[in-house]
Number of protein chains: 2
Amino acid sequence: MDKKTLQNFAALIVDMGVNVQKGQEVLVRCDVGNPEFTAMVVEECYRRGASYVKVEFSYGPIQKLSYNYRTIESLSGVNAMDLEVQKWQAESLPCRIWLDSDDPDGLAGVDTEKMAKANMARSKVFKPYRDIMENRNQWTIAGVPSVAWAKKVFPSLSDEDAVEKLWEAIIKCSRADKDPIKAWVEHNVNLQKRCDFINSYNFEYLEYESSNGTNLKVGLNPAAQFLGGNEKTLQGVVFNPNIPSEELFTSPLKGSAEGVVYATKPLSYNGKVIENFGFEFMDGKVVRVIADKNKDVLEHMIRMDDGACYMGEVALIGYDSPINNTGILFYNTLFDENASCHIALGMGYTNTLKNFEKYTKEEQNNMGVNDSTIHVDFMMGSKDMNIFGITGDGKCVQIFKDGDWAI
Amino acid sequence: MDKKTLQNFAALIVDMGVNVQKGQEVLVRCDVGNPEFTAMVVEECYRRGASYVKVEFSYGPIQKLSYNYRTIESLSGVNAMDLEVQKWQAESLPCRIWLDSDDPDGLAGVDTEKMAKANMARSKVFKPYRDIMENRNQWTIAGVPSVAWAKKVFPSLSDEDAVEKLWEAIIKCSRADKDPIKAWVEHNVNLQKRCDFINSYNFEYLEYESSNGTNLKVGLNPAAQFLGGNEKTLQGVVFNPNIPSEELFTSPLKGSAEGVVYATKPLSYNGKVIENFGFEFMDGKVVRVIADKNKDVLEHMIRMDDGACYMGEVALIGYDSPINNTGILFYNTLFDENASCHIALGMGYTNTLKNFEKYTKEEQNNMGVNDSTIHVDFMMGSKDMNIFGITGDGKCVQIFKDGDWAI
């Protein structure tokens, strides 16, 4: 990818993504494979007056060695060093930039149960710090190719060509090919307009129907609303948590989903790719996991904690989305979730509640936003999906017709 | 470089370098440029029963951005996260492996004074922890090519060819080309024999003479001895702190060096390359810095703290050393210091004192081992250097003749 485009992309991540404020600190998490691009991002942060940019490089195969060789006790422990990094995030509220390059098959062969147990134990220790941070610091996730990821998406190409092709797709899907800042300003305005429109109906629930067998009712939370595009920290700093982002999303009412939903794209979870799966819901809870292969991974996932089997998010994206139109399956949630309507199991977004900042975390959860240590998105939009919004007085509005926005 | 050779090299670093013990933790510090080799080292550690291997990747250009953009106050501060990593090293005594890939010109253009002040401030905070660790945990430094380093050594080659050529040189100089473990067992025996021989004379001082103007007398410490090759932690674990290592070294008697010494190879310090320089000593202290260019870097260096202008080490290496015989200037202390007799300014090695473990750090320094936050080696061996050892009763023994061992 040419240097100018990469620099524009780095500036997009720093300006629109986290919107670094003068004097603020920044944490960048990334793969070792793109140090030059990481350095561009770091320099953009400093140019905007960041006081300190901490970069944490990682390399998937070393993480895999760790899961394979370390004992469950060792993996479950949180050492003082890791805790200090978490404390820093909760106390100094640095911007957090995650340059995602994960190999979709990176953890293949790892003992799923061992990994899940260890991650759950660690998540519990980190949770209080994460809760303190919520809605307080700017964060963003953007995609950056690694060879492993690029080869998964374009297996027939050489390493170099695959990486270049994935860069092209990422830049295009991230609306970073031509004047990215201008494109994102416009994009945010459009997403906001759509939010305003759908929120004006105050739907009581959504009904999903598709020829693949999906037949699902999801109760919406009267205290919540649909959000899309940029968000605002409690201090009022606007940021874009996802690059790309095409979705309108909300956190549904905990305990009120009924029916069956089938995934329409594979899910890459903990380094495993799970295809052809679905869930049955009753009283908002998963009561049945449907899967040909790797069913155990999903079973473990929904048992991670009490909230893991409830919905945390429903998101609406037209089938005619720029990402879906590339025709590329990215094997990466950030991209694939913005190509199709999806649902997440686990933690909900408390900032979807109106005036969320007036409530404690506990109150927010009591208001019907699910809580969990996990948040796993899966795609369920299809070409012939119809979605209806039903209001409290029984009015039915078709929101999606044949996979795309009807309004 | 072929995989088998790299695996043997990784095993050499883990077995002979740090000699990881079952259940021990390990800290690996390395450049982002060789993740596959780093993963080999990590796996060797786990195979030997390491309980946890922490890898800290770094990338030179990001460090440079940090020096250029951050304020001196910000750079001088030690945050709680960095301190926690230091505490862990002092308390859990992990093996420390440093895979050195530093670009010799990596910090060119950085404000030397700003960098020196910041480093000094940070060193002071870290020093108590470093002092606790001394001689307690196994550590090793080995060389691994980065593109930037390889291109400095072989500027006319392509990136790929330069890296391959540097790998070849590193593997050869590290005695890792054929059965590395066997080669190192033999090598350690030979270095020990030479140590025993030179220590048997109990020389009062060494006299260096060379046609380049070097004329220097260095007082030896009657309480100290020459060491070489492997070392032992206080717990009795044998390790090799340097791969390669060709030197016999000791910490001279603080306050008893007289005369002039000229460097015979460039010095790469804080990312700057300093050529054609020397020092004049009086009562053990540098009283004059001689340099055509970058003299300010050296002036700053010897003013880092009270001990920075005193010698910490003298080391003897025959001109006919395997590294010198490659004819390659590595622009890297680990290699270049093992190609030629050298001297270090700054911190001395307290473990050169006989029964050093019986004394406190303060007592060790009072016994004549210099203390400082710096330790900077420079090469001063030459093809026509003669070195004489003078005993307390006036006996003169020629140790080096025409640049090589005479005994």
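Bear in mind the structure is a predicted one, so any value in this text is a computation, not a measurement.

Conventions used here
- For every chain, the first residue of the written sequence is number 1, and numbering continues from 1 onward in sequence order.
- As a convention, the first chain written is A and the first ligand written is 1, with the rest following in written order.
- Totals for whole chains, interfaces and linings use all residues, but because this is a predicted model, local features are given only for residues with pLDDT of at least 70 and pairs of side-chain atoms are given and counted only at 80 or more.
- Water and hydrogen atoms play no part in the side-chain values, which are based on all heavy atoms of the structure.
- The contact definition used throughout considers only heavy atoms, calling two residues in contact when any of these lie within 4.5 Å.
- Throughout, the accessible surface (probe 1.4 Å) given up by two parts as they are put together, summed over both, is called the buried area.
- In this count, Pro and Cys sit with the nonpolar residues alongside Ala, Val, Leu, Ile, Met, Phe, Trp and Tyr, while Asp, Glu, Lys and Arg are called charged and the others, Gly among them, polar.
- Salt bridges are counted wherever a side-chain nitrogen of Lys or Arg sits within 4 Å of a carboxyl oxygen of Asp or Glu.
- Secondary structure elements are taken from DSSP: a helix is a run of H or I of four residues or more, a strand is a run of E of two residues or more, and numbering for both begins at the N terminus.
- Classification of residues uses two cut-offs on accessible area relative to the type maximum, computed with a 1.4 Å probe and protein chains only: under 20% is buried, over 50% is exposed, and between them is partly exposed.
- Residues reaching a pLDDT of at least 70 in both copies supply the C-alpha atoms on which the copies are superposed by least squares.
- Two strands pair under a simple rule: DSSP has to find at least two bridges between them.
- Looking down the strands as they point away from you, a crossover is right-handed if its path from the first strand over the helix to the second goes clockwise.
- We call Phe, Tyr and Trp rings a pair once their centres come within 6.5 Å, taking the six-membered ring for Trp, and we label the pair stacked below 30 degrees between planes, edge-to-face above 60, and tilted otherwise.
- Multiplying one less than the number of residues by 1.5 Å gives the expected span of a helix.
- The directions from the helix axis to the C-beta atoms are what the arc is built from.
- Axes here mean lines fitted to C-alpha atoms, for a helix over just the part in contact, with angles spanning 0 to 180 degrees between N-to-C directions.
- The term polar contact refers here to a pair of N or O atoms within 3.5 Å; inside protein, the definition further demands a hydrogen-donor-capable atom paired with an acceptor-capable atom, and it admits residues adjacent in sequence only when both atoms are side-chain atoms.
- Positive charges come from Lys and Arg alone, negative charges from Asp and Glu alone, with His and the N- and C-terminal ends not counted.

### A short note on the interface of chain B and chain A
Point 1. Contacts between chain B and chain A engage 28 residues on the former and 28 residues on the latter.
Point 2. When chain B packs against chain A, close to 2600 Å² is buried across both sides, 72% of that on carbon and sulfur atoms.
Point 3. On the chain B side of the interface with chain A, the three residues burying the most area are Tyr46, Tyr69 and Met81 of chain B, jointly 25% of the side's total.
Point 4. Here the side of chain B that touches chain A is built from residues that sort into 16 nonpolar, six polar and six charged.

### Quick word on the pattern of salt bridges
Two side chains bearing opposite charge may form a pair once their charged atoms approach each other closely.
Point 1. Counted under the stated rule, the structure contains 30 salt bridges over all chains.
Point 2. For Arg48 of chain A, the salt bridge goes to Glu44 of chain A, with nearest N and O atoms at 2.6 Å.
Point 3. Across the salt bridge formed by Lys117 of chain B and Glu113 of chain B, the nearest N and O atoms sit 3.7 Å from each other. Highlighted residues: Lys117 of chain B and Glu113 of chain B, both in helix H6 (residues 112-133), separated by four residues, approximately one helical turn.
Point 4. For Lys117 of chain B, a relative accessible area of 46% gives the class partly exposed.

### A word on the relation of the copies chain B and chain A
Point 1. In screw terms, the move from chain B to chain A is a rotation of 180° and a rise of 0.0 Å along the axis, fitting with an RMSD of 0.0 Å. Expressed as a symmetry operation, the mapping of one chain copy onto the other fits a two-fold axis.

### Quick look at the pairing of strand S1 (residues 25-31) of chain A
Residues and elements named next belong to chain A.
Point 1. Among the seven residues that make up S1, five are buried, leaving the element largely enclosed by the rest of the structure.
Point 2. Sheet topology places S1 next to strand S2 (residues 52-58); seven bridges connect them, and they run parallel. From the neighbouring strand, Val26 faces S2, where its bridge partner is Val53.
Point 3. Handedness of the S1-helix H2 (residues 35-47)-S2 crossover: right-handed.
Point 4. Bridge count for S1 against strand S3 (residues 95-100) is five bridges, and the pairing is parallel.

### Re the sheet that holds strand S17 (residues 311-316) of chain A
Residue and element names in this part refer to chain A.
Point 1. Strand order in the open sheet formed by five strands is S7-S11-S17-S18-S19, and the pairing between neighbours is antiparallel. Because the sheet does not close on itself, it has two edges, and the strands there are strand S7 (227-228) and strand S19 (375-379).
Point 2. The sheet contact formed by strand S11 (residues 248-250) and S17 spans three bridges and is antiparallel. Across the sheet, residue Thr250 finds its bridge partner in S17, namely Val314.

### Topic: the packing of aromatic side chains
Point 1. All chains considered together, the criterion is met by 30 aromatic pairs over all chains.
Point 2. Taking 5.6 Å as the distance between ring centres and 25° as the angle between the ring planes, the aromatic pair formed by Phe9 of chain A and Phe37 of chain A counts as stacked. One end of the pair, Phe9 of chain A, is in helix H1 (residues 3-18); the other, Phe37 of chain A, is in helix H2, and 28 residues separate them in sequence. Just as Phe9 of chain A is buried, Phe37 of chain A falls in that class too.
Point 3. For the ring pair Phe197 of chain B and Tyr201 of chain B, a centre distance of 5.7 Å and an interplane angle of 80° mean the geometry is edge-to-face.
Point 4. What makes Phe197 of chain B partly exposed here is its relative accessible area of 38%.
Point 5. Here Tyr201 of chain B falls in the partly exposed class, since its relative accessible area comes to 24%.

### Looking at helix H9 (residues 180-199) of chain A
At 3.6 residues per turn, the α-helix brings residues three or four places apart onto the same side.
Residue and element names in this part refer to chain A.
Point 1. Taking 1.5 Å as the rise per residue, H9 with 20 residues should run 28 Å; its terminal C-alpha atoms sit 28 Å apart, in good agreement.
Point 2. Every buried residue of H9 is listed here: Pro180, Trp184, His187, Asn188, Leu191, Cys195, Ile198 and Asn199. The buried side chains of H9 occupy one side of the element, clustering within an arc of 105° when seen end-on. Exposed positions of H9 whose direction lies more than 90 degrees from the buried face are Lys182 and Lys193.

### Overview of the environment of Ser101 of chain B
Residues and elements named next belong to chain B.
Point 1. On the secondary structure map, Ser101 appears in the loop between strand S3 (95-100) and H6.
Point 2. Relative accessible area serves as the criterion here: at 5%, Ser101 is assigned to the buried category.
Point 3. A C-alpha to C-alpha distance of 17 Å links Ser101 and Trp139, two positions 38 residues apart in sequence.
Point 4. Discounting chain neighbours no more than four positions away, the residues touching Ser101 are Asp31, Asn34, Val144, Pro145, Ser146 and Trp149.

### A closer look at the sheet that holds strand S12 (residues 257-262) of chain A
Residue and element names in this part refer to chain A.
Point 1. Taken in spatial order, the eight strands line up as S16-S15-S12-S6-S5-S20-S21-S22 in an open sheet, and their pairing is antiparallel. Strands with a single pairing partner mark the edges of an open sheet, and in this sheet they are strand S16 (285-291) and strand S22 (404-405).
Point 2. Summarising the sheet, S12 and strand S15 (residues 277-282) pair through four bridges and their orientation is antiparallel. Paired with Val261 across the two strands is Phe279, which belongs to S15.
Point 3. Most of the contacts of helix H10 (residues 295-302) go to S16, to which it runs at about 165°, and overall it touches S15 and S16.

### What to know about the environment of Thr5 of chain B
Residues and elements named next belong to chain B.
Point 1. Structurally, Thr5 is set in helix H1 (residues 3-18).
Point 2. Once the C-alpha coordinates of Thr5 and Met304 are considered, the two residues, 299 residues apart in sequence, prove to be 41 Å apart.
Point 3. Ignoring sequence-local partners within four residues, the contact set of Thr5 consists of Ile171 and Ala176.

### What to know about helix H5 (residues 80-92) of chain A
Residue and element names in this part refer to chain A.
Point 1. Taking 1.5 Å per residue as the helical rise, H5 with its 13 residues ought to reach 18 Å, and the 17 Å between its terminal C-alpha atoms agrees with that figure.
Point 2. All of the buried residues along H5 are Met81, Glu84, Val85, Gln86, Trp88, Gln89 and Ala90.
Point 3. For H5, the N-terminal cap is Asn79; the gap from its side-chain oxygen to the backbone nitrogen of Met81 is 3.0 Å.
Point 4. Leu93 occupies a position one or two residues after H5 and carries a positive phi of about 50°.

### Let's talk about the side chain of Lys54 of chain B
Point 1. Residue placement: Lys54 of chain B occurs in strand S2 (residues 52-58).
Point 2. Buried charge without a salt bridge: Lys54 of chain B, with Glu56 of chain B as the nearest opposite-charge side chain at an N-O distance of 4.1 Å.

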